[in-house]
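Architecture at a glance
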Amino acid sequence: MATKRPGSKRRKAKSLTPAKAGLPPGTLVHVGDVKTEHPQISLIAYDERGIEERSFASIAESRQYRRTRARLWLNVYGLQDPEILGEIGRRFHLHPLVLEDILNTHQRPKIEDYGGYLYCVARVFEYDAESRALTSDQVSIVLGENFVLTFQERHSGRFAPVRERLRSPQSPLLRHGTDYLAYMLLDAIVDQYFVVVDRLGDTAEDLEDDALASPTPALLKTINLVKHDTHLLRRAIWPLREVLNGLIRGESKFFSDETRLYLRDIHDHTIHVVETLDAVRELLSDLMDIYLSSVSNRLNVEVRILTVLTTLFLPTTLITGIFGMNFDWMPLIERHNGFYTAIGLMGGVALVMAAVFWRRNWLRL
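Below is a short write-up of the structure. (Residues numbered from 1 in each chain as written. Predicted model: local features only at pLDDT ≥ 70, side-chain atom pairs only at ≥ 80, totals over all residues. Heavy atoms only, no water.)

Moving on, we get to the pattern of salt bridges. The tally for this structure, following the rule as stated, stands at 19 salt bridges. Of the charged contacts, one joins Glu 153 and Lys 35 as a salt bridge, the two residues approaching to 3.5 Å between their closest N and O atoms. Of this pair, Glu 153 sits in the loop between strand S7 (147–152) and helix H5 (160–167) while Lys 35 sits in the loop between helix H1 (17–20) and strand S1 (40–47), placing them 118 residues apart in sequence. Accessibility expressed as a relative area gives 5% for Glu 153, which makes it buried. Of the charged contacts in the structure, one is a salt bridge between Arg 234 and Asp 278, with a shortest N-O distance of 2.8 Å. Of this pair, Arg 234 sits in helix H7 (residues 217–248) while Asp 278 is found in helix H8 (residues 257–323), placing the two residues 44 residues apart along the sequence. On the accessibility criterion, Arg 234 (23% relative accessible area) is partly exposed. Using a relative accessible area of 27% as the deciding quantity, one classes Asp 278 as partly exposed. Among the charged side chains, a network of salt bridges with common partners joins Lys 35, Glu 126, Asp 137, Glu 153, Arg 154 and Arg 158. (Salt bridge = Lys/Arg side-chain N within 4 Å of Asp/Glu carboxyl O. Helix = DSSP H or I, 4+ residues; strand = E, 2+ residues; numbered from the N terminus. Buried < 20%, exposed > 50% of the residue type's maximum accessible area, 1.4 Å probe, protein only.)

In structure tokens form, the structure reads like this:
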């Protein structure tokens, strides 16, 4: 039996107007929830000779760093400090609109070419099957000539496998350019989609069992919440598929022909995820019909039982009405056992009718 999500309410989209109203384009203002206590900066410099890892507690500390490897991967956890984004933007010559989009964590997945670098936005998801809660975070990736910048709202562990591969001396990441690293990051994001969709599918199957066994208003609310989560997930995956399709067609100079072959594999994965997600959405839509049918059937059974019980008392009412008529002479009135005879007649007729109804399965659930 699936666990119900207590006190769940439909998550409403937050208004972006108060944070950005009246400000000129390119103004660095964080829009969204603060998901880390303090922003953190981590850096991996790498090439064929190996890697160098550094972490910085503040932007001032990072000013002392000098690159020792040909390629660079800079990652930022926490986007609530515009000063950090402004400093990174000045060092890597990022357009103010790019920095504005990074800080606005309600962007839809997209890719934009700014000439000297490529800016990509994607969303990562996590789904807790126990509480049936879907969480979403924005990930921004900037791909340049020998550098990759990633900006995440919080620690999610999504790119941990990529870091482990970089630490391996035999890793092909060390020999390839930064476009291959960007591919690996996108691949890690899409792989997580499979996990989330599978968990949503398992939840939908549990809800299907509940809808057949015990349809309740709480179950209907849960179905609507899970269905809403699938809509959110699809709205994030579908644009990413279009982004990858554009990269495969060679619209960006930052990806080599070899790396585009790998991007084609991610594109196929997104198609698979969308198809699986559509199947889950269709199952959830069918669950609404199953729920309504189950409720209707249960109501019909209850009405049938009430009707049968009412019918059983009709002969009793008839016999009572007959013996209640005000005639001077009535059969059995003057007999000492007349009352018990009438009661026995009522009970006998009711038992005969109940036996007939039972044989016809009218009294069974």
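Picking up where we left off.
With that settled, consider a nonpolar patch on the surface. The grouping of Leu 318, Ile 322, Phe 323 and Met 325 at the surface amounts to a nonpolar patch, some 350 Å² of accessible area in total. Here Leu 318 is to be found in helix H8. (Patch = residues over 30% accessible without salt bridge, like charges linked within 9 Å, V, L, I, M, F, W, Y side chains within 5 Å. Areas by Shrake-Rupley, 256 points an atom, 1.4 Å probe, with all protein chains shown as cover.)

With that out of the way, let us pick up the packing of helix H6 (residues 178–213) against H7. Their axes nearest at 11 Å, the elements H6 and H7 cross at an angle of 155°. Taken together, the axis directions place H6 and H7 in an arrangement best described as roughly antiparallel. The crossing of H6 and H7 is left-handed. Taking contact as the criterion, the partners of Leu 186, Val 190, Tyr 193, Val 196, Val 197, Leu 200, Thr 203, Leu 207, Asp 210 and Ala 211 in H6 are, on H7, Leu 219, Thr 222, Ile 223, Val 226, Thr 230, Leu 233, Ile 237, Leu 240 and Leu 244. In terms of residue class, the contact of H6 with H7 is made up of 15 nonpolar, three polar and one charged. (Axes fitted to C-alpha atoms, helices over the stretch in contact; angles between N-to-C directions. Parallel < 35°, antiparallel > 145°, perpendicular 65-115°, else oblique. Left-handed = near helix turned anticlockwise from the far one by under 90°. Contact = heavy atoms within 4.5 Å. Nonpolar A, V, L, I, M, F, W, Y, C, P; charged D, E, K, R; others polar.)

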